[in-house]
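As a plain string of letters, each chain reads:
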Amino acid sequence: MKVHTMSMPHVMFYAPNITNEDIGAVPNLSVYSSLLYPFIDQQGIAEQSYMIQLIGETEKAKIVADEKTLLDDLCAHRDILCLPHMKH
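This structure is a prediction, so every number in the text was calculated from the model and none was measured. (Residues numbered from 1 in each chain as written. Predicted model: local features only at pLDDT ≥ 70, side-chain atom pairs only at ≥ 80, totals over all residues. Heavy atoms only, no water.)

Colleague: Please clarify how the overall build of the protein chain should be interpreted in this entry.
Modeller: Broken down by element type, the protein chain carries 3 helices and 3 strands. Along the chain direction, N to C, the helices and strands of the protein chain fall in the order β-α-β-β-α-α. For the protein chain, the residues scored as buried account for 20% of the 88 residues in total. Taking the intrachain contacts of the protein chain between residues at least 6 apart in sequence as the baseline, contacts between residues at least 24 apart amount to 47%. (Helix = DSSP H or I, 4+ residues; strand = E, 2+ residues; numbered from the N terminus. Buried < 20%, exposed > 50% of the residue type's maximum accessible area, 1.4 Å probe, protein only. Contact = heavy atoms within 4.5 Å.)

Colleague: Help me out: how do you make sense of unusual backbone geometry in this one?
Modeller: Working note: non-glycine residues mostly have negative phi, and peptide bonds are mostly trans. A positive phi angle is found at N17, which is not glycine, with a value near 65 degrees. Looking at the secondary structure, you find N17 in the loop between β1 (10–14) and α1 (20–23). Exposure remark for N17: the relative accessible area of 45% places this residue in the partly exposed category.

Colleague: I tried to follow the pairing of strand β3 (residues 49–54) on my own but got confused; where do I start?
Modeller: Relative to β3, β1 is paired through 5 bridges, and the arrangement is antiparallel. Of the residues in β3, the one forming a bridge with V11 is Q53. Joining the antiparallel neighbours strand β2 (residues 39–42) and β3 is a turn of 6 residues, in which G44 adopts a positive phi near 100 degrees. (Pairing = 2+ DSSP bridges.)

Colleague: What is the right way to look at the pairing of β2 in this model?
Modeller: Looking down a regular strand, the side chains alternate between one sheet face and the other. Direction of pairing for β2 relative to β3: antiparallel, over a ladder of 4 bridges. When the bridges of β3 are listed, D41 appears paired with Y50.

Colleague: Looking at this model, I keep getting lost on the environment of Q53. Mind explaining?
Modeller: Summarising the element assignment, Q53 is placed in strand β3. Distance in space between the C-alpha atoms of Q53 and Y37 is 6.4 Å, their sequence separation being 16 residues. What Q53 contacts, discounting residues up to four positions off in sequence, is H10, V11, L36, Y37 and P38.

Colleague: Even after reading the chapter, I still don't get the sheet that holds β2, so can you show me in this structure?
Modeller: In any sheet, the strands associate via hydrogen bonds between backbone groups, in a parallel or an antiparallel arrangement. Strand order across the open sheet formed by 3 strands is β1-β3-β2, with antiparallel pairing between neighbours. Every other strand in the sheet has two partners, leaving β1 and β2 as the edge strands with one partner each. Direction aside, the axes of adjacent strands within the sheet are offset by 35 degrees on average. (Axes fitted to C-alpha atoms, helices over the stretch in contact; angles between N-to-C directions.)

Colleague: Is there a simple way to think about the confidence of the model for the protein chain in this case?
Modeller: A low pLDDT means the predicted coordinates there should not be read in detail. A residue-level look at the protein chain finds 88% of positions with pLDDT of 70 or above and a mean pLDDT of 85. At the level of individual helices and strands, the protein chain shows its lowest average pLDDT in β2, which scores 89, and its highest in β1, which scores 94. (pLDDT = per-residue confidence, 0-100.)

This is the structure we're talking about:
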């Protein structure tokens, strides 16, 4: 296992007792295409489930650009917090 930093902006909706099967999701984090659609993340028990929807590349690029100062500060604080394109 290797620690790395990535940018993955998303929205989360509280979805207690909802499963991937309920929404027809087939999440597989090793296959990027499956992350284009909502999926359920269960935080321990069914009552702590969230539906996660990643945002598009255009929106992601805008967030990274808008938060450049914060990202630069994090990267300066500790290399592991740098996004891959920001490495020194």
